[in-house]
Each structure stands twice: as C-alpha cells, then as structure tokens.
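Residue-level listing of the chains:
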Amino acid sequence: MSPTSPASPPSPVSARPARTRRLTTAQALVAFLARQYTERDGRRHRLISATWGIFGHGNVAGIGQALVEAGNGTWNGDGTRNGNGNGHGNGDGHGTRTRPRMPYLQGRNEQAMVHAAVGYARQSGRLSAHAVTTSIGPGATNLVTGAALATINHLPVLLLPGDTFATRPADPVLQQLEVPYAGDVSVNDCLRPVSRYFDRVARPEALIPAALQAMRVLADPAETGAVTLALPQDVQAEAYDWPEEFFAERVWRVRRPAPDTAELEAAVRAVRSARRPLIVAGGGVRHSAAEETLAAFTAATRIPVASTQAGKGALRHDHPADVGGIGHTGTATADELARTADLVIGVGTRYTDFTTASGTLFQNPAVRFLNLNITGFDAHKLAALPLVADARTGLEALTSALAGRGYRIDPAYETEYTGAKEAWEEQVEASFTTPDPTARPTQTQVIGLLDTLVTEEDILINAAGSLPGDLHKLWRTRSRDQYHVEYGYSCMGYEIPAAIGVLLATEAQGHEGRPVWALVGDGTYLMNPTEIVTAVQENLPLRLLILQNHGYASIGGLSEAVGGERFGTAYRHRDPVGGFTGPPLPVDLAANAASLGMRVLRATTVDDLRKALAEARSAEGPTCVYVETETPDTVSGPPPAQAWWDVPVAETASRPAAVTAREEYDRRVAARRHHL
C-alpha cells in the first residue's frame, strides 16, 4: 500500500511530488537509525551505533533481513557510501574507519544483550547507545530485567522486540499470549512499566512519529532509559513509500539546562550559612562530565565530597576533598561527616536507601538538603532546596555565584576530615595486607592485589554480591570512568556482558587496549556466563576475574544478620535431614569458562594470584583468572558496615537467631528520620 505523497511548495512551472523510498518497515527503521546523532559541547556522536540481535520467527524476516541489507556496504563518517565490508567503526560518526550502516552484534541471551548495550551507553557518556532486537515470546520477555536496569540507572537503550501479527491472520501464533479480556495485549506489554517510552508500531506509517519520539527520549538526559518499539512481525516485512525526509540526518542536542536565578540565589544562601556542609556526588556528575567542575568547586570552598556507587570516581581517591563512599557501604569518614552535616549538597544523586542508610544517616537536627539535579523529581527529594539544572552547568553557576562572597569552610573542619581520611586509609591498608603469600587469599586481599596492579587506564565492572560493598569502601579510584559498579538494580549477571559493551565503547572512542575487568562471584557467574562466547567471537580482551566462595556470600551474611541462619545460601550437597550442609558441589567454573573459549589462569595462593592478574592484564585476548577465596578473619577482612540498612526481621519467631536479630532491628529502626 502507498499513501499519497505530501505536496512540495508550488514552483512557477509545476508542483513536483515529494521524493519517496520504498522499503519495508524494518528496512526503513534501520536506515533511519543510521542517520541519528547526538551533539553536546560541540561534539557529535552517532546515537545508535550498533544493533544486538538474536533471531527467531518474530524478527528474522524483518529486522534480521534489514540488517543484512544494511551490512552490504559501509558508510564514511559523513554518511556517504564507501565500498563493501564490515567492522564496528568508531562511535562519533567522524572517524576514518568505514563501517556498515548498521553494525550487527551477535548475542547469546537477550537479557545479556541489554546489559552489554547499557555498559556501552554508560562508557559513552549516554551520548551513544545500542539497539537490541529479539523475536516474540521468551526472547521479548527476557528483555524485561535489562530494561529495568537501564531505566533505573537512567541509561539509554533501544529495544526492538518482535510482536504478534497486527493483521491477525492466525490467532494465536506460536508463542502468543492470549488475553481473554483484550485483543491488543502481548507479552511486550511487560516492558511498559520499565520503559521510558513505549509504542507498538501497528502500521508502517506509525513508525515515523514513534521513531522520532524514541530518539527524543533516548537523547534527553532527564528522560533517558529503556525505549521500546514493539514491532509486529508482519508490519516489519510490509513495504511502504517513505518520504525521503524521514531519512535525513538528524542531530539531537543534549541539553545542559542552567539553573533558575531564584533557585540559584537560594542555593548560595544555603551554602554560605553552612558550617559543616557535605557534598554527595551521584551518577549525574559522571553523566554530565562534571568531574573537573566539581573539583573546581571544592578547590574554592574546600567542602568534602562523598560518593554514591554511581558517583564514585567523581574525584580521584587521592584528591584532598574526597572522603570515599557514603551510606551502608561507605567509609567511616564519609558516614561520620554525614551524621554531623548541617547541609547536604546532593549532586546528581537519587538518594537510594543504601546512600541514606535507610533514613538513619543524616542525624544533625538542623540538617538541610540542597539538591542539584537535572530532574525535578530527584531535586525535590528529602524536602530539599531544589536546583534543577545540568550538574556541570549548575556547579559552574554555583561556583561563580560564591566566588565574590568569600565563602570557604572553617579550616578546622577541613583538618578534621583530612585527618579522618588518613585514619581510614590505614584501615584499608591493613585489610589489604597479605602476610602469607602461600595462603589462600580473602576477597579483600584479591581487591588489594588488583589495586596494586592497575593504573588509571583500567576499568572495573561489578554489580551484585558482596563485592560492591567492599569495592565502595576500599577501592582507590584513579580515573573518572574506572569504577563501573551497577548498583541501581544490582543485577547478578550484568558484569560479563557489560564489560563487552565497555570494550566496544573504548574501541569506538579510539582507546583500544584499555584493560577492562569483570569481577564476579560464583553465584553471579552461574547466572549469566553466556556472553563469554561473544567476547571470544569478537576477540575482545575481556579480563574476567572469578571469585569462587561456594555460594551466595553476600546474602549468606545478610541472612545470618537478620535471623535467616544462612538458609539456602551455600552451594553444597543436601544433607540427610534436608539441609545443604554437605560438601561443596564439585562445580569447576574455570573449566566451564575454558569450554566457552577463554584462556584460564588458575590461582590457589596469594602469590599465584598476583602473577595471574599481571599476566591477564597484559593478555591480548579474552582471559579468565579463577581463584577460590578464603573466609576473611579479623585481620584481613574488610572494615564492617559503617551505617545501617533496613531489611525487615520477623516480628515473631521461635528460633533464637531471629529473636536476637529482631531486638537489634528495633533498636536500629528507632533512629530513622523523615526529612520534611
């Protein structure tokens, strides 16, 4: 079918019809995506630089065939055609390498493909993203976890799941969910609550407004997250006469909104009246590339800076104003400052319960909050004075407004927090100590050995288990993008695919060779090791560090603390009475990684591990270091939690462990404050 083409402005001779191009809906979408760019601070980046895909009957003849078409030639950075070939190319659309109009990446698990896309987007500063295409049915529902992770972390990813027939020639088709009360519902509707924008393209011409809205949301720093365009399989393959202007190059400018004048003046008054201010740096600092601006602000005011998981690296670990992580997994220095702060300046943070210690951390009766955030929703949290603006623009304005008014914290306060930081560093050093090089290392000692090896070039990726807490407290971040811990959703299985996305992003940025480490425990590894195959296929130099502790160590410790007695958290044989207290399961994760194509280095002692890590860091292909870790003792274990986290405990119980845990819970919860 072909609609009437819209008329061009009349000429003195005759009116000529607008040019059109006959393509399938899928072909048109791929061609459209290849011409979309973002621009910030005068630099342009390709918005959708590649598409991940696993094909089934719901997308093989549509998006799959369109990607084949798109791969039959490459484009120069300016969009002109240049011969044939394949390759990933660079991410900004201006490099000398040629590439397909839409490069294709082969995944093994749909959730993992989204994780890889999220890793790519974060490393690209949210200025470049990936698309992910799947079939209908389980392929589509496998996207939900990854979509939730992307949206919670405000990271852009374009999801293109296949959908059931729009024309309904057969009903139901294979894998269709039948809903008796609604004929227009499919499993893709599961993606609605975890998407920042959702549309089902039920007719070819509906793609035009849907695609434009999708790009708008992906490029908007206040709105971005997962964007879903559900594509019925028949519509994907249907041809239509598309107006050429749909394929014109579009540049989506990424905003840096400035603060409102009145809000800025209120913020200046709040800072000037504060005697014990504390900055909480969140992920918005990194997304805005505001690290240098934050450093300039602290140089002028000497206000100390604590960081959330997403904000760690906003200042280098050795910056005088950096006091480390904050909250339940924070440092003693940062948490004590938080308890006594009279003004908390949140910059790009969502204030999760880990950051606020479930509402128990900020205990000064006079404490107030000033929140600089690009979204009004987050800027108003904790009854704060809002400063709605881009993090960099807002900090620049705040620094400038304070410059002529002589504000700087009391030197005694600066001496206090720098002295506390030095004392904390001594604890870190003690936990890293490995007196016996022939002993099996603890998890903390593993982190310490890696700490001695890396430079500012290395990137660490982690997401779940006990490692995020240890890393937040102990890791010494050396560059703005070294610390990549996904803790908004804390999703097991994120690390390996995300590392692949980060490697692709560093390659696109012209920084090939940066060591990228995926740190995983055995529980996380068993959740999602499949993308090792992708790393091997693409010959990406992934460094995978597997820590084997035979169970869910993090939840085991939490279970013990809340009276759960570590039930169901160990990977052991079942005992005669039905528990899991037998010998450890004979699972060989190193052999599994090797079977998927990785080179594997086994380490059994501290000395072995030191050598294996160094060898892996210099390796050219995907390499795994495998080590069994020892349970930490009082000398080598990490410092304990410096703030509380609310996990409810059974109010009634017969077992002593739960009764004791409830008594402690009641004591802790009494300290919670509601900041109104």
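Residues numbered from 1 in each chain as written. Predicted model: local features only at pLDDT ≥ 70, side-chain atom pairs only at ≥ 80, totals over all residues. Heavy atoms only, no water.

Colleague: It is not clear to me how the overall build of the protein should be interpreted in this structure. Could you clarify?
Modeller: Helix and strand counts for the protein stand at 24 helices and 25 strands. A globule of 676 residues ought to have a C-alpha radius of gyration of about 26 Å, and the protein, at 26 Å, matches this closely. Expressed along its principal axes, the backbone C-alpha trace of the protein runs to roughly 85 × 70 × 55 Å. In the protein, buried positions account for 55% of the 676 residues. In the protein, of all internal contacts separated by at least 6 residues, the share reaching a separation of at least 24 is 76%. In the structure as shown, the protein presents an accessible area of about 27100 Å², 53% of it carried by carbon and sulfur atoms. Looking at charge distribution, the protein has the averaged site of its 63 positive side-chain charges lying 4 Å from that of its 72 negative ones. (Helix = DSSP H or I, 4+ residues; strand = E, 2+ residues; numbered from the N terminus. Rg over C-alpha atoms; globule rule 2.2 N^0.38 Å. Buried < 20%, exposed > 50% of the residue type's maximum accessible area, 1.4 Å probe, protein only. Contact = heavy atoms within 4.5 Å. Areas by Shrake-Rupley, 256 points an atom, 1.4 Å probe, with all protein chains shown as cover. Lys, Arg positive; Asp, Glu negative; His and termini not counted. Charge placed at Lys NZ, Arg CZ, Asp CG, Glu CD.)

Colleague: Explanation requested: the environment of Q443 in the structure shown.
Modeller: On the secondary structure map, Q443 appears in helix α16 (residues 443-453). When its relative accessible area of 11% is taken as the criterion, Q443 is described as buried.

Colleague: How do you make sense of the sheet that holds strand β25 (residues 623-628) when you look at a structure like this?
Modeller: Within a beta sheet, neighbouring strands are joined by backbone hydrogen bonds and run either parallel or antiparallel to one another. In space, the six strands of this open sheet follow the order β21-β20-β22-β23-β25-β24, with parallel pairing throughout. Two strands bound the open sheet, and with one partner strand each, they are β21 (483-485) and β24 (599-603). Across this sheet, the average inter-strand angle for adjacent strands is 20°, counted without regard to direction. Of the pairings in the sheet, the one linking strand β22 (residues 516-521) to strand β23 (residues 542-548) comprises six bridges and is parallel in character. In the strand pairing of β23, V516 is matched with L542. Helix-sheet contacts for helix α17 (residues 467-474) involve β20 (459-462), β21, β22 and β23, and the interaxial angle to β21 is about 150°. (Pairing = 2+ DSSP bridges. Axes fitted to C-alpha atoms, helices over the stretch in contact; angles between N-to-C directions.)

Colleague: Hey, could you run me through empty space enclosed by the protein in this one?
Modeller: To locate leftover empty space, one rolls a probe as large as a water molecule over the atoms. Per the counting criterion, the structure on display carries six cavities of 30 Å³ or more. Put simply, the largest cavity is a space of about 180 Å³. Around the largest cavity, the lining comprises 19 residues; the ones closest to its centre are K312, D322, G324, E425 and W475. Only β16 (322-325), α15 (411-432) and α17 provide two or more residues apiece to the lining of the largest cavity. The element best represented in the lining of the largest cavity is α15, accounting for four residues. (1 Å grid on protein atoms, 1.4 Å probe; cavity = no way out; pocket = protein on both sides within 12 Å on 5 of 7 lines; lining within 4 Å. Points joined across faces, edges and corners; volume = space filled by probe spheres on them.)

Colleague: I'm lost on the nonpolar core in this one. Help?
Modeller: As a rule of thumb, nonpolar side chains are buried together in soluble globular proteins. Among the nonpolar cores identified, the biggest contains 54 residues, and W52, V132, L159, Y525 and L544 are the most heavily contacted of them. The biggest single contributor to this core is helix α18 (residues 495-508), with nine residues. The contacts of V132, once residues within four sequence positions are left out, are W52, M113, V114, A117, L143, V157, L158, L159 and L160. Among the nonpolar cores identified, the runner-up in size contains 52 residues, and A270, V323, I345 and L372 belong to it. (Core = buried A, V, L, I, M, F, W, Y, C linked by side-chain atoms within 4.5 Å.)

Colleague: Explain the side chain of T605 to me, please; I cannot follow it from the model alone.
Modeller: Checked against the element boundaries, T605 lands in the loop between β24 and α23 (606-617). Note on T605: relative accessible area 16%, which makes it buried. There is a polar contact of 3.0 Å between the side chain of T605 and the backbone nitrogen of D608. (Polar contact = N/O pair within 3.5 Å; in protein donor to acceptor, adjacent residues only side chain to side chain.)

Purely geometric numbers; function is a separate question.
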